[in-house]
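Examination of the molecular architecture
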Amino acid sequence: MDINDITIREARQEDLDHIAGIYNSLWCNWIRASGALDDWALCGRLNAAMQLQRSPITLVAERNGGVVATCLVGIFDHGAPRTNPEWQPAYETLLAQATERAKTADDDLEGSLFGDSREKATADRFAASGNEYAQGQINLIVMRPEWQGLGLGRRLLDEARARMRDEGCSRFFLMSDNHSDYQFYDHIGMKRIAEDHSQDTGDGFIVYIYGGEC
Ligand SMILES: CC(C)(COP(=O)(O)OP(=O)(O)OC[C@H]1O[C@@H](n2cnc3c(N)ncnc32)[C@H](O)[C@@H]1OP(=O)(O)O)[C@@H](O)C(=O)NCCC(=O)NCCS
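These remarks concern the structure in this document.

A short note on the site of the ligand
Around the ligand sit 19 residues in total, of which Gly149, Gly151, Gly153, Arg154 and His187 are the nearest. The contact in question runs from an oxygen atom of the ligand to an N or O atom on the backbone of Leu152, over 3.5 Å. Between an oxygen atom of the ligand and a side-chain N or O atom of His187, the distance comes to 2.7 Å. Here the ligand, which alone exposes 900 Å², has 74% of that area covered by the protein. Those elements that provide at least two residues to the shell around the ligand are helix H1 (16-27), strand S5 (136-143), helix H6 (152-166) and helix H7 (183-187). Counting residues per element, the shell around the ligand draws most heavily on H7, which supplies 4 residues. Its residues assigned to classes, the shell around the ligand shows 9 nonpolar, 8 polar and 2 charged.

Printed below as a string of structure tokens:
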């Protein structure tokens, strides 16, 4: 596998299920393991659409017609996140489905459906506080496991930085957590600027905010 064979382009509507599939393989597998395949599909699609609708810059990495990775990038205008109107309708439809499902869901499923949305609310509070890094935000960077460790993450972030510069950003931030590959951001020289323990429900869950230069 060679990342030089990969094309980076804007996400299209038909990419939603591919992005959802990558998201699900990393974070919602426990739902599939429980046999609730409809819930598993909803979890991935809702979270993918939620990230897409708050990302004016939507990069996907494609190889042989298949999406192997994505990097979704938000832009803040005077401390408020800009939305992506192209993805708003899909998000609203999925949000309505998930809200209905959540009425009878247990806490674990509710957390998988809406945990990332809560993290975005934390990001928005951080941006509204006027922090100097809150110009752009990497909302999501994920790839199929077989593509990890080949330089694709670095390439996607370089492209994201260039696109943020085009939007007038000089700094950006992202949120990760100690259940994800947060050490990647330390390794590539980003600065840990804040951490949040408020979502620790006894499992030691910590959210980290990293800042970087465009
Ligand atoms: C985290 C992720 C985006 C990194 O992308 P990647 O393509 O695997 O990383 P790269 O191959 O571009 O690595 C670039 C450098 O970071 C290092 N690196 C990669 N993953 C790392 C990790 N988890 N911890 C520490 N260093 C890491 C590489 O060794 C490489 O170092 P080098 O350039 O000095 O040789 C990717 O592995 C991924 O999708 N992980 C699962 C989802 C996730 O956790 N996303 C991010 C958290 S929200």
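Brief notes about the pattern of salt bridges
According to the stated counting rule, one finds 18 salt bridges in the structure shown. Close ionic contact of Arg118 with Glu110 constitutes a salt bridge, the shortest N to O distance being 2.6 Å. With a relative accessible area of 23%, Glu110 lands in the partly exposed category. If you follow the salt bridges from partner to partner, you end up with Arg9, Arg12, Glu14, Asp15 and Glu62 in one network.

Focus: the packing of aromatic side chains
Under the criterion given, the structure shown has 7 aromatic pairs. Note on Tyr208 and Tyr210: the rings are 6.5 Å apart at their centroids and 75° apart in plane angle, and the pair reads as edge-to-face. For the pair shown, Tyr208 and Tyr210 are each scored as buried. Through pairs of rings, three or more aromatic residues link up here, namely Tyr182, Phe184, Tyr185, Tyr208 and Tyr210. A cation over a ring is seen here: Arg171 above Tyr133, with NZ or CZ 4.9 Å from the ring centre. In this structure, Arg192 packs its charged tip against the face of Tyr208, placed 3.9 Å from the ring centre.

Parameters at a glance
Per chain, residues are indexed from 1 in the order of the written sequence. Side-chain atom pairs in this predicted model are given and counted only at pLDDT of 80 or more, local residue features only at pLDDT of at least 70, and totals for whole chains, interfaces and linings cover all residues. In computing side-chain values, all of the structure's heavy atoms are included and hydrogens and water are not. By convention in these notes, a residue is near a molecule or strand provided one of its non-hydrogen atoms lies within 4 Å of it. Counting of polar contacts relies on pairs of N or O atoms within 3.5 Å, with two restrictions inside protein: one atom must be capable of donating a hydrogen and the other of accepting it, and residues adjacent in sequence are counted only when both atoms are side-chain atoms. In this description, accessible areas are obtained by the Shrake-Rupley approach with a 1.4 Å probe, and a residue is regarded as covered only by the protein chains that are shown. Here a helix means four or more residues in a row that DSSP labels H or I, a strand means two or more in a row labelled E, and each is numbered from the N terminus. Residues were grouped as follows: Ala, Val, Leu, Ile, Met, Phe, Trp, Tyr, Cys and Pro as nonpolar; Asp, Glu, Lys and Arg as charged; and all remaining residues, including Gly, as polar. The salt bridge criterion pairs a side-chain nitrogen of Lys or Arg with a carboxyl oxygen of Asp or Glu, the two atoms within 4 Å. Accessibility here uses a 1.4 Å probe with only protein chains present; expressed as a share of the type maximum, an area under 20% marks a residue as buried, one over 50% as exposed, and anything in between as partly exposed. Here the aromatic set is Phe, Tyr and Trp, taking the six-membered ring for Trp, and pairing holds for ring centres within 6.5 Å; pairs whose planes are under 30 degrees apart are stacked, those over 60 apart are edge-to-face, and all others are tilted. Only when the NZ atom of a Lys or the CZ atom of an Arg is both within 6 Å of the ring centre and within 35 degrees of the ring normal do we say a charge sits over the ring.

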